[in-house]
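Coordinates in review
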Amino acid sequence: PSTYHILNFTANIDLINNTLTSDDYDINLVNSYTFDISDIAKEYSGSYQNNEGLMGLDFSITSCTSDGKATALFSFHPHPDNPGTPSGSYTMVGSITNIASNGTVTIQFTGDEWIDKPDSYIFANFTATINKDRSQLKSDDYHIDLVSS
């Protein structure tokens, strides 16, 4: 008969190389499929909704590391359908939460530091989905709808 043990260990996950390793035990797993996330860093533009209505948005993912950490710049401005609203910008940090088998990537973004803050504005934290060919970034949070530039 076989004996099985339940192990508790700390895992190191490399999302670019699709590996899981542990310093606690001799564990080295490689997923049978890989997806390149190095192409996540790019510029997107489009719109989002806030309390003042439809806003223009330029969103740049400035980096994405192999451990799934990302940095970004969120720059909003008046939308042609909603002139007179303020412009502003802030940096964001993100973490990849899922890479689907179809190559779609999900990232949770959180506001980090204001660059240009209009009065009474707060960070728009959101979960983004980026399609496989990295041409679209969408989020149900704030109705974000962006295309790569």
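Described in the following lines is the structure provided in the data block. For clarity, every value in this text was computed on a predicted model and none was experimentally measured.

**Examining the overall build of the chain**
Looking only at helices and strands, one finds zero helices and 11 strands in the chain. The helix and strand sequence of the chain, counted from the amino end, reads β-β-β-β-β-β-β-β-β-β-β. In the chain, of all internal contacts separated by at least 6 residues, the share reaching a separation of at least 24 is 38%. Summed over its atoms, the accessible surface of the chain is roughly 8700 Å², and 48% of this surface lies on carbon and sulfur atoms.

**Regarding the layout of surface pockets**
The calculated volume of the largest pocket comes to roughly 220 Å³. Of the residues that constitute the lining of the largest pocket, the class distribution is six nonpolar, three polar and one charged.

**Observations regarding the pairing of strand 8 (residues 105-116)**
Alignment of strand 7 (residues 88-99) against strand 8, held across 10 bridges, turns out to be antiparallel. Opposite Ile99, over in strand 8, you have Val105 as the bridge partner. Counting the residues between successive antiparallel strands, the hairpin from strand 7 to strand 8 contains five residues, one of them, Gly103, with a positive phi of roughly 95°.

**What about the nonpolar core?**
If you look at the biggest cluster of nonpolar residues, it comprises 28 residues, and the most contacted ones within it are Phe59, Ile61, Phe74, Phe109, Phe126 and Leu137. If you list the elements that add at least two residues to this core, you get strand 4 (43-50), strand 5 (53-64), strand 6 (69-78), strand 7, strand 8, strand 9 (126-130) and strand 11 (144-148).

**Thoughts on the pattern of salt bridges**
Under the criterion given, the structure shown has two salt bridges. A salt bridge links Asp39 to Arg134; its shortest N-O distance comes to 3.0 Å. Residue Asp39 is found in the loop between strand 3 (27-30) and strand 4, and its partner Arg134 is found in the loop between strand 9 and strand 10 (136-139); the two are separated by 95 residues along the sequence. You can call Asp39 partly exposed: its relative accessible area is 31%. Of the residues examined, Arg134 reaches a relative accessible area of 3% and is grouped as buried. Of the charged contacts, one joins Asp145 and Lys138 as a salt bridge, the two residues approaching to 2.6 Å between their closest N and O atoms. Accessibility expressed as a relative area gives 36% for Lys138, which makes it partly exposed.

**Looking at unusual backbone geometry**
The backbone phi angle of Ser120 is positive, close to 70°, even though this residue is not glycine. With respect to the element layout, Ser120 can be found in the loop between strand 8 and strand 9. With relative accessibility at 71%, the residue Ser120 sits in the exposed group.

**Examining the packing of aromatic side chains**
Overall, the coordinates contain 14 aromatic pairs when judged by the stated rule. Centroid distance Tyr48 to Phe76: 6.5 Å. Interplanar angle 70°. Geometry classified as edge-to-face. Taken together, the residues Tyr48 in strand 4 and Phe76 in strand 6 connect sequence positions 28 residues apart. As far as burial versus exposure is concerned, Tyr48 and Phe76 are alike and both buried. Three or more aromatic residues joined by ring pairs make a cluster, and in this case those are Tyr48, Phe59, Phe74, Phe76, Tyr90, Phe109, Trp114, Tyr121, Phe123 and Phe126. The ring of Trp114 is capped by Lys117, whose NZ or CZ atom sits 5.6 Å from the centre of that ring.

Conventions and cut-offs
- Residues numbered from 1 in each chain as written.
- Predicted model: local features only at pLDDT ≥ 70, side-chain atom pairs only at ≥ 80, totals over all residues.
- Heavy atoms only, no water.
- Helix = DSSP H or I, 4+ residues; strand = E, 2+ residues; numbered from the N terminus.
- Contact = heavy atoms within 4.5 Å.
- Areas by Shrake-Rupley, 256 points an atom, 1.4 Å probe, with all protein chains shown as cover.
- 1 Å grid on protein atoms, 1.4 Å probe; cavity = no way out; pocket = protein on both sides within 12 Å on 5 of 7 lines; lining within 4 Å.
- Points joined across faces, edges and corners; volume = space filled by probe spheres on them.
- Nonpolar A, V, L, I, M, F, W, Y, C, P; charged D, E, K, R; others polar.
- Pairing = 2+ DSSP bridges.
- Core = buried A, V, L, I, M, F, W, Y, C linked by side-chain atoms within 4.5 Å.
- Buried < 20%, exposed > 50% of the residue type's maximum accessible area, 1.4 Å probe, protein only.
- Salt bridge = Lys/Arg side-chain N within 4 Å of Asp/Glu carboxyl O.
- Phe/Tyr/Trp six-rings, centres within 6.5 Å; stacked < 30°, edge-to-face > 60°.
- Lys NZ or Arg CZ within 6 Å of the ring centre and 35° of its normal.

Keep in mind these values describe shape, not function.
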